[in-house]
Amino acid sequence: MFKPIITFVGLLLALTATAVEAEPIVIKFSHVVAEDTPKGKGALLFKRLVEERLPGQVTVEVYPNSTLFGDNNELDALNNNEVQLLAPSLAKFEKYTKQVQVFDLPFLFDDLEAVNRFQKRAKGRQLLRSMEQENITGLAYWHNGMKQLSATKPLRMPTDAAGLAFRIQPSGVLESQFAQLGASTRKIPFGEAFGALQNGTVQGAENPWSNIYSKKMHTVQPYITETNHGVLDYMLVSNTRFWFGIPHRIRTELEGIIEEVTYEVNRAAEEANQADRERIRKAGTSEIIELTPEQREAWREAMRPVWKEFEPVIGADIIKAAQTVNRKQRH
Ligand code: LMR
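The structure contained in this document is the topic of the report that follows. As the structure is a prediction and not an experimental result, all values here were calculated from the model. Per-chain numbering applies: the sequence of each chain, read as written, is numbered from 1 onward. Predicted model: local features are reported for residues with pLDDT of at least 70 only, side-chain atom pairs are reported and counted for 80 or more only, and whole-chain, interface and lining totals are derived from all residues. Heavy atoms from the whole structure form the basis of all side-chain values; hydrogens and water molecules are not counted.

1. Side note on the site of the ligand
Alright, step 1. Residues in contact with the ligand amount to 13 residues; listed here are only the nearest, Lys-39, Lys-92, Arg-167, Gln-169 and Tyr-234.
Alright, step 2. Under the rule applied, a polar contact is a pair of N or O atoms within 3.5 Å (in protein, one hydrogen donor and one hydrogen acceptor; residues adjacent in sequence only if both atoms are side-chain atoms). Side-chain polar atom of Lys-39 to an oxygen atom of the ligand: 2.7 Å apart, as the coordinates give it.
Alright, step 3. Between an oxygen atom of the ligand and a side-chain N or O atom of Ser-89, the distance comes to 3.4 Å.
Alright, step 4. The Shrake-Rupley method, run with a 1.4 Å probe sphere, supplies the accessible areas, and residue values consider only the shown protein chains as cover. Taken by itself the ligand offers 270 Å² of open surface, and the protein chains cover 100% of this. We call a residue near a molecule or strand whenever a single non-hydrogen atom of that residue lies within 4 Å of it.

Written as structure tokens, this is what we have:
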């Protein structure tokens, strides 16, 4: 007599279990740049591959241009699991680890290939794990590109920057870098950088070509000096508890996808930056100043004291490991 009821209850339980199992994991991926940038494209490629390979199991929502969270709150939001993937620039982790600041040291890396070599070495890979205590797990490094200096006046020699105010990311290294030049700095979130340049709060900035072009900064900066003085790269990060809570099979698949996306982002980044440089040149709004080797050396010398200042906090071993990736060794 109870049998039909038991069968019915069993069916109900089975259906509920399937419904629970079928609930997809939602990954919100928030970032502050435009979609047509190395990071913006990487986020969209990640979404496409995840939804192709884990249909119904994982859904990815991408929020570009600081539309969900901006520089001021995105890492707190990650910690609160309000967002599950971010790719902040390496300059934005100072609050959580001093070691990652190595990437901000001026004239440390000759080019993006040197940066790439360091990121692949043991020391570079260790830094991905340097914030686990803070519930932040580094999953990969993504390139944007080398930074250029832009301003309202031509910057040919380091002394030309004296007295100007520059927009910077929240990094002590970057603050000190401009202090060496006699310039002041304002830490301004990326989403407000264009406005600050436009209304004259600051007169200059440092950005890779792709960020200058996609945020139209060239339209308010009549001079851009091709200094390649530092790198702007990203760490793709997740909330440690969230990430390791994902079932092993799915997480392994996600890690494979991240590897593929990382390869693609890093393969295409330099070309994308050069294409944006060309677009800026064609737009004719800014003069692109190329430095002679002597002028570039003068910038290097002027900014060099930053290394000594930050060696005790970053660690001499990390700086040394980063230095050895350049093809031309300098002492
Ligand atoms: C910046 O604030 O200048 C960059 O970190 C923005 C970005 O994400 O590329």
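2. Re the side chain of Thr-240
Alright, step 1. Numbering of helices and strands starts at the N terminus; helices are DSSP runs of H or I of at least 4 residues and strands are runs of E of at least 2. Within the secondary structure, Thr-240 sits in helix H9 (residues 240-245).
Alright, step 2. For Thr-240, the side chain forms a polar contact with the main-chain nitrogen of Ile-136, separated by 3.1 Å.
Alright, step 3. For this analysis, residues touch if any pair of their heavy atoms sits within 4.5 Å. With sequence-adjacent residues up to four places away left out, Thr-240 is seen in contact with Glu-132, Asn-135, Ile-136 and Thr-137.

3. Overview of the pattern of salt bridges
Alright, step 1. The working definition used for a salt bridge is a side-chain nitrogen of Lys or Arg within 4 Å of a carboxyl oxygen of Asp or Glu. According to the stated counting rule, one finds 17 salt bridges in the structure shown.
Alright, step 2. With its nearest N and O atoms 3.2 Å apart, the salt bridge here joins Lys-47 to Glu-51. Separated by 4 residues within a single helix, Lys-47 and Glu-51 lie in helix H2 (residues 38-53), roughly one turn from each other.
Alright, step 3. Per-residue accessibility, obtained with a 1.4 Å probe over protein chains only, is compared with the maximum for each type, and a residue is labelled buried under 20%, exposed over 50%, and partly exposed between these values. Looking at Lys-47, the relative accessible area reads 26%, which means it is partly exposed.
Alright, step 4. The closest approach of N and O atoms between Lys-92 and Asp-71, which form a salt bridge, is 2.9 Å. With Lys-92 in the loop between strand S3 (85-86) and helix H4 (112-120) and Asp-71 in the loop between strand S2 (58-63) and helix H3 (74-79), this pair connects stretches of sequence that are 21 residues apart.

4. Quick notes on a negative patch on the surface
Alright, step 1. Within the patch definition used here, like charges are joined within 9 Å and nonpolar side chains (Val, Leu, Ile, Met, Phe, Trp, Tyr) within 5 Å, considering only residues with over 30% relative accessible area and no salt bridge. Asp and Glu are treated as the negative residues and Lys and Arg as the positive ones, with His and the ends of the chain left uncounted. Charged groups are reduced to one reference atom each: NZ for lysine, CZ for arginine, CG for aspartic acid, CD for glutamic acid. A cluster of acidic residues, Asp-111, Glu-113, Glu-270 and Glu-271, forms a negative patch at the surface.
Alright, step 2. Note on placement: Asp-111 falls in the loop between S3 and H4.

5. What to know about the sheet that holds strand S8 (residues 204-207)
Strand pairing within a sheet occurs via backbone hydrogen bonds; the two strands may be parallel or antiparallel.
Alright, step 1. Sheet architecture is open: 6 strands sit in the order S7-S6-S8-S5-S9-S11, paired in mixed fashion. With partners counted over all chains shown, the strands left at the sheet margins are strand S7 (184-187) and strand S11 (287-290), one partner each. Across this sheet, the average inter-strand angle for adjacent strands is 25°, counted without regard to direction.
Alright, step 2. As defined by bridge partners, strand S6 (residues 165-168) adjoins S8 across 2 bridges and the pair is classed as parallel. Paired with Phe-166 across the two strands is Gly-204, which belongs to S8. Pairing between strands is defined by DSSP: at least two bridges between them are needed. Interaxial angle, 0 to 180 degrees, is taken between N-to-C directions of lines fitted to C-alpha atoms, where a helix line uses only the stretch in contact.

6. Regarding the nonpolar core
Alright, step 1. Grouped together as the largest cluster of nonpolar side chains are 46 residues, with contacts concentrated most on Phe-29, Phe-46, Val-58, Leu-236 and Leu-254.
Alright, step 2. For this core, the element with the highest residue contribution is helix H10 (residues 248-283), accounting for 7 residues.
Alright, step 3. Among residues more than four places away in sequence, those in contact with Phe-29 are Ala-43, Phe-46, Val-60, Glu-61, Val-62, Tyr-63, Val-83, Leu-85, Leu-86, Ala-87, Trp-142 and Leu-236.
Alright, step 4. To qualify as a nonpolar core, a set must consist of buried Ala, Val, Leu, Ile, Met, Phe, Trp, Tyr and Cys residues joined through side-chain atoms within 4.5 Å. Of all hydrophobic cores here, the second largest spans 38 residues; its members include Phe-69, Ala-77, Tyr-96 and Ile-318.

7. Some points on the packing of aromatic side chains
Alright, step 1. Two rings belonging to Phe, Tyr or Trp (six-membered ring only in the last case) form a pair when the distance between their centres is within 6.5 Å. Interplanar angles under 30 degrees mark stacking, angles over 60 mark edge-to-face geometry, and anything in between is tilted. Following the criterion strictly, the structure yields 7 aromatic pairs and no others.
Alright, step 2. Here the aromatic rings of Phe-29 and Trp-142 are separated by 6.1 Å at their centres, their planes lie at 40°, and the arrangement is tilted. Here Phe-29, found in strand S1 (residues 25-30), pairs with Trp-142, found in strand S4 (residues 136-146); they are 113 residues apart in sequence, far enough to count as distant. With respect to burial, Phe-29 and Trp-142 carry one shared label: buried.
Alright, step 3. On the numbers, 4.4 Å between centres and 20° between planes, the contact of Phe-166 with Phe-178 is stacked.

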